[in-house]
Amino acid sequence: MRFSDVPVLARPTARPDLPGTPADFTDAWLRNRRLSDHTRDAYRRDVAGWLAWCAARELDPLRANFLHVNAYGRDLEATVAVRSGRPLTPATVARKLSALSSWYDFLVKLRVIDANPVAGADRPRVDRDHSATIGLNPEEVDALLAAADADTGPTAARNRAAIALLADLGLRVGELVSLNLTDLGAERGHRSVRFVGKGGKARRRALTPGTAYALDAYLAQRAAARGVTVDQLTGPLLVTASGARLDRHSVFRMVRRLAHTAGIPAWAQLSPHSLRHAFATTARAEGVPLEDVQDAMGHADPRTTRRYDRDRHNLDRDPAYVIWAARARRRT
């Protein structure tokens, strides 16, 4: 459907005077949400994309209807992603429209508009039981960690610490790069790390002995290079050679470089999220209860955790075997 074919439905004769532009409402909307910095930035880009689409068509976004949103959605589906060179996935389009819907819900609550135009739009169907992320099996995770251990150069110790945090804790890349030195601590005999997860939730995780060792080695090296003690270090936990906070793009490149060194076949399609999927799959395979894995990963819905578990359809885990074994024990 061409935009020129989209009819303009009945419009209100007047609307409240706005204390700024639609972009100003975006700032107010984001301030009203408990979000991580990464999610906040993503939502801002999602709404900015819609506003740019409206501006190119001389459409007032406050007078848009669901037909306009449908036309925008079809344009999104035809958009080629820069990183992959392929059209945006249905999940990506759905996420962008979800952010837009939340923005309009905020405007409805402020009585700037009467109804949310995204509510009646045709959103893409997303298979909640599928994830496009390329996962890793336990042996591949071991190989990746071994490649990090064997790595050399001025950033090798930092890279080992980063890979250990991703593999052992299953952190999101945004959570990883947002960590500060002050987030490290000790609780009831556990080395720990505290951070703000998705949805602005304060979370804490235990550091495994291997991860703690990698962090200690990295921080000792960093402190020695600056001529200070470890407790005098300040700022981000993971930094670049210049002392700036490590960014998510650098972590993506790090994971793929080390995966290539480790000989992992799908290295070019891997991401830090691959280690998060591997964390969930391995934890469940080792018998960790679903609710404990859910809590560790910071998922609000257990169905999300199940989607991360790549081995959930393995017939070895069919509960029929457990029931049969219990019956056999009763008969003996």
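Note that the structure is a prediction, hence the values are computed from the model and not measured.

**Points about the pattern of salt bridges**
Two side chains of opposite charge can pair, provided their charged atoms sit close to one another.
Then comes step 1: Taken as a whole and assessed by the stated rule, the structure comprises 11 salt bridges.
Then comes step 2: For Asp151, the salt bridge is made with Arg257, and the minimal N-O distance between the two is 3.0 Å. Separated by 106 residues along the polypeptide, Asp151 in the loop between α5 (138-150) and α6 (156-169) and Arg257 in helix α9 (residues 248-261) bring together distant segments of the chain.
Then comes step 3: Salt bridges linked by common partners bring Asp46, Arg95 and Lys96 together as one network.

**Some points on the pairing of strand β3 (residues 202-206)**
Here is the key point about a regular strand: its side chains alternate between the two faces of the sheet.
Then comes step 1: Of the two faces of β3, only one is covered, namely that formed by Arg203 and Arg205; the face formed by Ala202, Arg204 and Ala206 stays uncovered.
Then comes step 2: Here 5 bridges tie strand β2 (residues 190-196) to β3, and the two strands are oriented antiparallel to one another. Bridged to Arg194 within β3 is Arg204.

**Quick notes on the packing of aromatic side chains**
Then comes step 1: In the structure shown here, the tally under the stated rule is 6 aromatic pairs.
Then comes step 2: With centroids separated by 5.5 Å and ring planes inclined at 15°, the aromatic side chains of Trp50 and Trp53 adopt a geometry described as stacked. Of this pair, Trp50 and Trp53 are both found in helix α2 (residues 37-56), 3 residues apart, which corresponds to roughly one turn of the helix. Of the two residues, Trp50 and Trp53, neither departs from the other in class, the shared state being buried.
Then comes step 3: With 5.1 Å between their ring centres and 65° between their planes, Trp50 and Tyr72 make a pair best called edge-to-face. A residue pair is termed long-range when its members are at least 10 positions apart, and Trp50 in helix α2 and Tyr72 in helix α3 (residues 66-77) qualify at 22 residues. In this pair, the class of Trp50 matches that of Tyr72, namely buried.

**Some words on the side chain of Ser271**
Then comes step 1: Checked against the element boundaries, Ser271 lands in the loop between α9 and α10 (272-285).
Then comes step 2: Looking at Ser271, the relative accessible area reads 11%, which means it is buried.

**Considering α9**
Then comes step 1: Compared with the 20 Å implied by 1.5 Å per residue over 14 residues, the 20 Å span of α9 between its first and last C-alpha is a close match.
Then comes step 2: Among all positions in α9, only Ser250, Val251, Phe252, Met254, Val255, Leu258 and Ala259 are buried.
Then comes step 3: For α9, the secondary structure elements touched by its buried residues are α5, α6, α7 (173-177) and α10.
Then comes step 4: N-capping of α9 is provided by Asp247, with a side-chain oxygen placed 3.0 Å from the backbone N of His249.
Then comes step 5: Once α9 ends, the next one or two residues include Gly263, with phi positive near 80°.

**Thoughts on a positive patch on the surface**
Then comes step 1: Together, Arg327, Arg329, Arg330 and Arg331 make up a positively charged patch on the protein surface.
Then comes step 2: Of note, Arg331 is situated in helix α13 (residues 319-331).
Then comes step 3: For Arg331, a relative accessible area of 69% gives the class exposed.

**Comments concerning the packing of α6 against α10**
Then comes step 1: Where α6 meets α10, the axes come as close as 7 Å, and the angle between the chain directions of the two elements is 35°. Counted together, Leu166, Ala167, Asp168 and Leu169 of α6 and Pro272, Leu275 and Phe279 of α10 form the full contact between these two elements.
Then comes step 2: Taken together, the residues of the contact of α6 with α10 break down into 6 nonpolar, no polar and 1 charged.

Reading the values: rules and limits
- Counting from 1, residues in each chain are numbered in the order their sequence is written.
- Selection of residues for local features in this predicted model requires a pLDDT of at least 70, selection of side-chain atom pairs for listing and counting requires 80 or more, and totals for whole chains, interfaces and linings are taken over all residues.
- Only heavy atoms go into the side-chain values, all of them from the structure, while hydrogens and water stay out.
- Counted as salt bridges are all cases of a side-chain nitrogen of Lys or Arg within 4 Å of a carboxyl oxygen of Asp or Glu.
- Each helix is a run of H or I in the DSSP string that is no shorter than four residues. Each strand is a run of E no shorter than two, and both are numbered from the N terminus.
- For every residue, the accessible area obtained with a 1.4 Å probe (protein chains only) is divided by the maximum for its type, and the residue is called buried under 20%, exposed over 50%, and partly exposed between those limits.
- DSSP calls a pair of strands paired once it identifies at least 2 bridges connecting them.
- In summary, the pairing rule links any two rings of Phe, Tyr or Trp, Trp by its six-membered ring, whose centres are within 6.5 Å, and it sorts them by plane angle into stacked for under 30 degrees, edge-to-face for over 60 and tilted for everything else.
- Take the residue count of a helix, subtract one, and multiply by 1.5 Å to get its expected span.
- In this analysis, two residues are considered to be in contact whenever any of their non-hydrogen atoms come within 4.5 Å of each other.
- Whenever a nitrogen or oxygen atom comes within 3.5 Å of another N or O atom, the pair is scored as a polar contact, on the condition that within protein one atom can donate a hydrogen and the other can accept it, and that pairs from neighbouring residues in sequence are kept only if both atoms are in side chains.
- A patch consists of residues exposed above 30% relative accessible area that lack any salt bridge, with like charges linked at up to 9 Å and nonpolar side chains (Val, Leu, Ile, Met, Phe, Trp, Tyr) linked at up to 5 Å.
- Under the convention used here, a 1.4 Å probe and the Shrake-Rupley method define accessible areas, while residue burial counts only the protein chains that appear.
- We score Asp and Glu as negative and Lys and Arg as positive, and we do not count His or the chain ends.
- Think of each charge as sitting on NZ of Lys, CZ of Arg, CG of Asp or CD of Glu.
- Here the axes come from fitting lines to C-alpha atoms, over the contacting stretch only for helices, and the angles between their N-to-C directions go from 0 to 180 degrees.
- Three categories are distinguished: nonpolar for Ala, Val, Leu, Ile, Met, Phe, Trp, Tyr, Cys and Pro, charged for Asp, Glu, Lys and Arg, and polar for the others, with Gly belonging to the last.

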